[in-house]
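Remarks on the overall topology
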Amino acid sequence: MKAAALLAIIITLVLLASGCLGNEKDRQTQTTQFTPPTVDTSPSPQQTHSSGQLKIGSWAYWLQNASPEVIAESGFDLVVMDYSRDGSDETAYTREEIEEIKKAGVIPVAYISIGEAEDYRFYWNESWRENPPEWLGPENPEWKGNFAVKYWSDEWKRIVFAYLDRIIEQGFSGVYLDKIDEFEYWSDKGYDENWAAGEMINFIVEIANYTRSKAGENFLIIPQNGERLLEYDGRLLNVVSGWASEDVFYNGLEPSPWRDEKLPLLDGVVKAGKPVLVVDYVDDGTKNPENIARIRYFVKKARKRGYIPYAAKTDRELDELVVIPGIQP
């Protein structure tokens, strides 16, 4: 055997022993855990078709300790709920519980924050408090335990896609994307707003492509708030199944200061043939005439514009299903 050939064999054996030339399956196992697939962020006919399937007349918003049995008997067409009773993996709803909701004719949609990290979720690492990763920002002073994230970070996206896998496995019909308005937070911190908005739009499109590739083209994508994103890129309206917005007519018991900004953008979603879900926290829990009149006014104003209203309790806890005979659902 020639010396050069013998040397090549020896080098190959050394590399194999060190693991540098492991088989392809081994390399994939080591490098692709929780990594989202490469997705096409451009709109496609399939995306446009799948985003237009939601037809409902009522909805509800119940995040804390939601009861599948109560939801199934509620009469609402769609309910936004957490993937678990208290936000942790330990109390996650079973696939059988979600199926019971669907069998009752109610559409279960899972809440997920994609613009903030929450310290009670499965992905949270307590070491982050003292040694936060580069993508983790400061705590939200209005919501203890919620932290801003650089949502364009690959590490954060891997966390969100792992979260989405749990939701899909449970059998939810879609996702309700909160904190998409985080692009405004980062633009206030010195980032270019056009860039920050574009990164959030890209993220939402990636989420739509990923979930629909795994759960089917009719998987629902419903963002909450952040309506100004609709002004930046036409892709977004093509991809989403509808839009949700808080504090449209009221901010608590006072007129909403964001009304004039929100209405034209939400009207555009209605004109595109997609549902707009609005939630105002206007129910003070009493049965006095003033409270009922305020709720009726909110519902009337919303339906006049083609929106689907949900009157929630003024405490904003979203810890119960608010049923108001003759008004809701």
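Description of the structure in this document. (Residues numbered from 1 in each chain as written. Predicted model: local features only at pLDDT ≥ 70, side-chain atom pairs only at ≥ 80, totals over all residues. Heavy atoms only, no water.)

Notes on the overall build of the chain
The number of helices and strands found in the chain is 11 helices and 13 strands. For the chain, with 329 residues in total, the buried portion stands at 49%. When contacts within the chain are restricted to residue pairs at least 6 apart in sequence, long-range pairs at least 24 apart make up 69% of them. Accessible area for the chain stands at about 16,000 Å²; split by element, carbon and sulfur atoms hold 51% of it. (Helix = DSSP H or I, 4+ residues; strand = E, 2+ residues; numbered from the N terminus. Buried < 20%, exposed > 50% of the residue type's maximum accessible area, 1.4 Å probe, protein only. Contact = heavy atoms within 4.5 Å. Areas by Shrake-Rupley, 256 points an atom, 1.4 Å probe, with all protein chains shown as cover.)

Quick notes on the pattern of salt bridges
For the structure shown, the criterion picks out 23 salt bridges. Between R129 and E126 there is a salt bridge; the shortest N-O distance is 2.8 Å. Classification of R129 as partly exposed rests on a relative accessible area of 41%. Taking the shortest distance from any N to any O, the salt bridge between D260 and R259 comes out at 3.4 Å. D260 sits in the exposed class, given a relative accessible area of 60%. By relative accessible area, R259 is classed as partly exposed at 27%. Taken together, the salt bridges that share partners define one network made up of E116, K179, D181 and E182. (Salt bridge = Lys/Arg side-chain N within 4 Å of Asp/Glu carboxyl O.)

What to know about the pairing of strand β6 (residues 146-149)
Side chains N146 and A148 project from β6 onto one buried face, and the interleaved F147 and V149 project onto a second face that is buried too. The pairing of strand β4 (residues 116-118) with β6 spans three bridges and is classified as antiparallel. Opposite E118, over in β6, you have N146 as the bridge partner. In this sheet, β6 lies alongside strand β5 (residues 136-139) in antiparallel orientation, the contact comprising two bridges. Opposite L136, over in β6, you have V149 as the bridge partner. Hairpin connection between β5 and β6: a loop of six residues separates the two successive antiparallel strands, and G145 in this loop has a positive phi of roughly 90°. (Pairing = 2+ DSSP bridges.)

Details of the sheet that holds β5
Whether parallel or antiparallel, the strands of a sheet pair through hydrogen bonds between backbone atoms. In space, the three strands of this open sheet follow the order β4-β6-β5, with antiparallel pairing throughout. Of all the strands in the sheet, just β4 and β5 have a single pairing partner and so form its edges. Pairwise comparison of adjacent strand axes, ignoring direction, gives a mean angle of 35° for this sheet. (Axes fitted to C-alpha atoms, helices over the stretch in contact; angles between N-to-C directions.)

A few points about the sheet that holds strand β1 (residues 59-62)
Read from one edge of the open sheet, five strands run β1-β2-β3-β7-β8, paired in parallel fashion. Of all the strands in the sheet, just β1 and β8 (220-223) have a single pairing partner and so form its edges. The average angle at which neighbouring strand axes cross in this sheet is 25°, direction not considered. As paired strands, strand β2 (residues 78-81) and strand β3 (residues 107-113) are joined by four bridges and run parallel to one another. Among the inter-strand pairings, L78 is bridged to a residue of β3, identified as I107.

As for the environment of R305
Within the secondary structure layout, R305 lies in the loop between α11 (289-304) and β13 (308-313). If near-sequence neighbours (up to four positions away) are discounted, R305 is found in contact with F249, R259, L263, D267 and V270. Within the structure, R305 has its side chain in polar contact with the side chain of Y307 (distance 3.5 Å). (Polar contact = N/O pair within 3.5 Å; in protein donor to acceptor, adjacent residues only side chain to side chain.)

Structural notes on the packing of aromatic side chains
Summed over all chains, the structure comprises 26 aromatic pairs. On the numbers, 5.1 Å between centres and 80° between planes, the contact of W124 with W128 is edge-to-face. Like W124, the residue W128 is buried in the burial classification. Geometry around F122 places R166 over its ring, the cationic atom sitting 3.6 Å from the centre. (Phe/Tyr/Trp six-rings, centres within 6.5 Å; stacked < 30°, edge-to-face > 60°. Lys NZ or Arg CZ within 6 Å of the ring centre and 35° of its normal.)

Considerations on the packing of helix α6 (residues 154-170) against helix α8 (residues 193-215)
Two elements in contact, α6 and α8, have axes separated by 11 Å at closest approach and are oriented at 35°. Relative to α8, α6 is oriented so that their crossing is right-handed. The segment α6 lies against α8, with W156, K157, V160, F161, L164, D165 and I168 engaging F203, E206, I207, Y210, T211, K214 and A215. Of the residues assigned to the contact of α6 with α8, the class counts are nine nonpolar, one polar and four charged. (Left-handed = near helix turned anticlockwise from the far one by under 90°. Nonpolar A, V, L, I, M, F, W, Y, C, P; charged D, E, K, R; others polar.)

Points about helix α5 (residues 95-103)
Restricting attention to buried positions, one finds in α5 the residues E97, I98 and I101. End-on view of α5: buried residues confined to an arc of 100°, all on one side of the axis. Opposite its buried face, α5 presents the exposed residues E96 and K103, each directed more than 90 degrees away. Contact partners of the buried residues in α5: α4 (68-72), β2, β3 and α6. (Arc of directions from axis to C-beta.)

Regarding the environment of E139
Relative to the assigned elements, E139 resides in strand β5. E139 sits in the partly exposed class, given a relative accessible area of 34%. Spatially, the C-alpha atoms of E139 and R129 are 9.9 Å apart, while their sequence positions differ by 10 residues. Leaving out residues up to four positions away in the same chain, E139 has contacts with K144, G145, N146 and F147. A polar side-chain atom of E139 sits 2.6 Å from the main-chain amide nitrogen of G145.

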